Every structure is written in structure tokens, then in C-alpha cells.
Amino acid sequence: MKRILVGVLSLLCCLGAATHAAEEKMAVADLSKIKVLDLRTAQSLALAGNPNMEASQARVEQARARVSQAVATWWPSLDVTGSGARVRLSDSSYQGNQRLAALWGGATDQSTDRYGAGAQATWGLFDGFYRTFREQQAVFDEQSVAAALVDSRRLLVTSVAEAFLNAQLAQTRVDIARADETFYTRQLEDAQNRYNVGAGPWGDVLNIKVQLNTAKTGLMLYQREFEAAGYGLAALLGLPEAEFPPHVRLEALDRESATKGQQKTPEVLIKEALAARPDIRRLEMVVKQAEAAKGVAKAPFYPKVQVAGVVEGVREGDAGLGSDDFGSTVGMNMSWNLYAGGADKARMIEAEQAKREAVYTLAGLRNSVAAEIRQDLALLAAAQEQVRLQRETVKLVEENRDLAKNEYEAGEASLVRLNEAQRDLNTTYGRLAQALVSYQLAMQRLLSATGQNLAPFDSPAKSK
């Protein structure tokens, strides 16, 4: 029998461990079939695989369970009890019992077995509205935590956008540096050929070699920057050990992408943000929680009324309790604390100040949201103008570089002018890429500030 019991316990432990392991298994973003990663896909993968989102969802489930706990207090409570005891009287008590029993011609034992069983039901009829406000607190807490989950998703989408765009900029710089290396490699071949046939100076060969080494150095530097940016992006995507897959390339930065300005006024955007931002919603629920907390703090000023019923039986000698061994009690009791050293009043003051804090915190956040939107609009307009200017500059510099290249190959211009034109082209390409990324970042931040950046994605918090 003992071996069977040990085996059953071992099996239950194994099943419990397996269930626990299954529950702890985390979803991991699958990039095995992705060759080119775009921003929208990266944000979707992050929302599905970032561990912080799972932690936030777990907090929502905890809050939901607290609501159930608060609702449960409205129902009666039923408790059952059972007891068994071996009672041995002291010698003096035993002798006294013997003398009393002898008067009636009976006998008594020094040791007896005593068994008892019972059931008690209690139901609170009135508690100063404590349960009402406690339930409200739990409901508002659940809504607050749910809003915090949505806000975490909003911030995650913004963080992924910033990490992706910064990595995309680093990748673009790698492409520019690689094109620069290719350009000077070809120029070196031409200069070497001209020198070999006596049509060009050795100084041009040396100069181009220097420029080629500079291009290789820049390429290596930008490759390391792209690698570092990939680690940050991989961490946001929830990839194991924050390792970005080497086979995945980010979507190329579109040099001709449309840069539309914001058509809505700041006042309209601020109004929309105050209605849509989940962090505003969270603090609104915190204010309501604080209001409910005032009701909870006020409950001790009222009496408490409770009805209780008890069925209890006791038997000596054996555990076979029968109906004759049970008695019952039904009653109602009321308690009212009249003085507690000022603790109840202090709790009321604390609750009132907590609500005051929540109200002012919400007002401060509303002001911050308005300022954030106005700043993002200004940065978006500036970035849009920068993109326009850099696109015009690229066309001019490309034409100038091509002209310098043709003139150098025709022997009408020096290598110095060609090098200068090539450097200007690389610099302008880099500035255009920076302007495009700045514009996209400003747009993403404005979407986040207005609470609209989650619109393309399904929200689990809303679907539940």
C-alpha cells in the first residue's frame, strides 16, 4: 500500500511539473521564413513575442481575479469543522469524577475519546457599504490595468519603430559606404591601367588607394553600427538572446516615399488624443479607484450586521455521531466601533489626499499630452522640409559628381575635384537618409502621442 501511495504521489508531481513547464513556455517570434523585414511586420512580431506584453497580460488576469474575490464577499460563507481528541484527566479530577459517579452507582474513566463535527454559515447583511466600494475598487483596478496593457503596447510599437528606423538608417549608411567602395575600386582599376600605359601619374593611383581605404573603413564602421542596432531591435521583438538573424535584411529606405504633412489642427489632435490615449484612460480609472477608496475608508463609521447559523455535534467514546448528538444555533449580531484612537478619521484623510493626488496627476498628464503633440507637429513639419531640401540637393550633387567624373576621365579635371564631388555625394545621400528617418520617426511619435499607432493591429486587451 505504501509503495502504491508513493507511486501515485510521484505521478502527480510529474504531471504537475509537465503542466507548469507547458504554462511557462513562451512564444518566440519566427523569422525563419522572412528575408526582408518591414516596419509593420516587426511591430506585429513584437506585440506577439515581447515578454513584457505577456507580463502585462498576466497583471490583467490578476486584476480580473481580484474582481471575482470582491464579488465573492456578497455571498454567504459556509465552513465545516471536525475534531477528534484523546482526553486524559488529571488524577485529582479523575478522583473527583469517580466520587460523583459513585453517588449514582456509576463509574468513570480517566481517559476518554471525544469527537466533534459541525457546520457554520455566516452572511454579512450590512458592513457600511464596504463590499460595494471594494467591488468598485476592484473593477476600476481591472480597467486601469487593462488600459496599462494597451499603453504598454502603444509604447512598444513606438519603441520598435524607433529601433527599426535607426537600424534602417544604419543599413542605408552601409549601402552608401559599399557603393563608395565600389566606385573607388573601379577608379583604382582605371587609374592603374592609365599608369601602366603611361597615360596617368602614379600620384592618382596612391590618392585613389587612400580614398578606397577610407571607404572600407567607413563601411566597416557602419556595419558595426548596424549590428549594434540589430541587437536592440531583436530584444524588442523578443528574440532569444537578442540575436538578430543574419539572413534577414530590413526593408530598404524608400528615397521617393511620400512625406505628407499633418492636415488636422493641434486642437483637434489634442482632443482626439485625450479621448484615445490609454494612459489617460488608466489615470481616469485611478481617480475612480481613489473615489471608491474613500467609500471603503468611510465604512468603519457604520455598524456591521451579520447573521450566523451553527450546527454542532459532540460525542465521547466513538466517532459515530448521530442526530441526537447535534444541536443548532441561529443568531444575529451587530458590532459598532465607537472609537479607535482616530485611526478611522486618519484613513479618511489619507483616501481624500490620494484622490487629490490622482486628480492632479491626471491634469498634469493631459498638459503633457498637449505639449507632446505640439512638439511632434513642429518636428514633423521641420523633417518634411528637410526631406524636400535634401532631395533637391541630391539631384544637384549627383549631376555635379557625374560631371566631375566625366571631366576627370577626359583629362579635363583633377582627381581632387572628383574626390570632392564623391565626398559631397556620399554626405548628401547620408543627409537624405537621415532626413527621411527623422520624418518617419516624427510621424511615428505623433501617431503614438495621439494614441493612433495601435489602429493597424488587433488588440487582445480590447477583444477580451
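Residues numbered from 1 in each chain as written. Predicted model: local features only at pLDDT ≥ 70, side-chain atom pairs only at ≥ 80, totals over all residues. Heavy atoms only, no water.

A. The overall build of the protein chain, seen in detail. The secondary structure content of the protein chain amounts to eleven helices and six strands. What you see for the protein chain is a C-alpha radius of gyration of 39 Å, clearly larger than the 23 Å of a compact globule of 464 residues, by over 25%. A buried classification covers 35% of the 464 residues belonging to the protein chain. Within the protein chain, contacts between residues at least 6 apart in sequence are counted, and of these 83% link residues at least 24 apart. Counting 54 positive and 56 negative side-chain charges, the protein chain places the centres of these two groups 3 Å from one another. (Helix = DSSP H or I, 4+ residues; strand = E, 2+ residues; numbered from the N terminus. Rg over C-alpha atoms; globule rule 2.2 N^0.38 Å. Buried < 20%, exposed > 50% of the residue type's maximum accessible area, 1.4 Å probe, protein only. Contact = heavy atoms within 4.5 Å. Lys, Arg positive; Asp, Glu negative; His and termini not counted. Charge placed at Lys NZ, Arg CZ, Asp CG, Glu CD.)

B. Quick peek at the packing of aromatic side chains. Overall, the coordinates contain five aromatic pairs when judged by the stated rule. The interplanar angle of 85° and the centroid separation of 5.8 Å between the aromatic rings of Phe 129 and Tyr 302 together place this pair among those described as edge-to-face. Here the residue Phe 129 occupies a position in the loop between β3 (111–126) and α5 (130–196), and Tyr 302 occupies one in the loop between α8 (278–298) and β5 (304–316), the gap between them amounting to 173 residues. By relative accessible area, Phe 129 is classed as partly exposed at 40%. Residue classification places Tyr 302 among the partly exposed positions, given a relative accessible area of 30%. Aromatic side chains Phe 183 and Tyr 184 sit 5.2 Å apart centroid to centroid with 80° between the ring planes, which places their arrangement in the edge-to-face category. Across the pair, exposure class does not vary: Phe 183 and Tyr 184 are buried alike. Across from the ring centre of Trp 74, 4.6 Å away, lies the NZ or CZ of Arg 131, which sits over that ring. (Phe/Tyr/Trp six-rings, centres within 6.5 Å; stacked < 30°, edge-to-face > 60°. Lys NZ or Arg CZ within 6 Å of the ring centre and 35° of its normal.)

C. Up close: the nonpolar core. Counting residues in hydrophobic clusters, the biggest one holds 60 residues, and the most contacted among them are Leu 37, Phe 164, Leu 233, Leu 237, Phe 244 and Ile 373. For this core, the elements supplying multiple residues, two or more each, are α2 (39–49), α5, α6 (202–237), α7 (266–276), α8, α9 (343–409) and α10 (415–449). Those residues within four positions of Leu 37 in sequence are excluded, and the remaining contacts are Ala 42, Leu 45, Phe 164, Leu 237, Phe 244, Val 248, Arg 249, Leu 250 and Glu 251. (Core = buried A, V, L, I, M, F, W, Y, C linked by side-chain atoms within 4.5 Å.)

D. Representation of helix α4 (residues 91–103). For α4, with 13 residues, the first-to-last C-alpha span of 19 Å sits near the 18 Å given by 1.5 Å per residue. Turning to α4, its buried residues are Tyr 94, Gly 96 and Ala 101. All buried residues of α4 fall inside an arc of 160° around its axis, so they share one side. Along α4, the residues that are exposed and aim more than 90 degrees away from the buried face are Ser 92, Arg 99, Ala 102 and Leu 103. (Expected span 1.5 Å × (residues − 1). Arc of directions from axis to C-beta.)

E. Looking closely at the sheet that holds strand β2 (residues 77–88). Pairing is antiparallel across the open sheet formed by four strands, whose spatial order is β2-β3-β5-β6. Two strands bound the open sheet, and with one partner strand each, they are β2 and β6 (326–335). Going across the sheet, the axis of each strand differs from the next one's by a mean of 20°, ignoring polarity. Across ten bridges, the pairing between β5 and β6 is antiparallel. When the sheet's bridge partners are listed, Val 307 is paired in β6 with Met 332. (Pairing = 2+ DSSP bridges. Axes fitted to C-alpha atoms, helices over the stretch in contact; angles between N-to-C directions.)

F. Broad picture of the environment of Asp 175. Tracing the sequence through the fold places Asp 175 in helix α5. Counting along the chain gives 47 residues from Asp 175 to Tyr 222, while the straight-line C-alpha distance between them is 9.1 Å.

G. Here's a closer look at helix α3 (residues 51–72). Between its first and last C-alpha atoms α3 spans 32 Å; for 22 residues at 1.5 Å apiece the expected length is 32 Å, and the two agree. On the buried face of α3, the contacting elements are α2 and α5. Between the side-chain oxygen of the N-cap and the backbone nitrogen of Asn 52 there are 2.8 Å, and the N-cap of α3 in question is Asn 50. (Polar contact = N/O pair within 3.5 Å; in protein donor to acceptor, adjacent residues only side chain to side chain.)

H. Up close: the pairing of β3. Of the pairings in the sheet, the one linking β2 to β3 comprises twelve bridges and is antiparallel in character. Considered in β3, the bridge of Gly 82 is made with Ala 117. Two strands pair when backbone bridges link them, and β3 and β5 are joined in this way by twelve bridges, in the antiparallel orientation. In the strand pairing of β5, Phe 126 is matched with Val 305.

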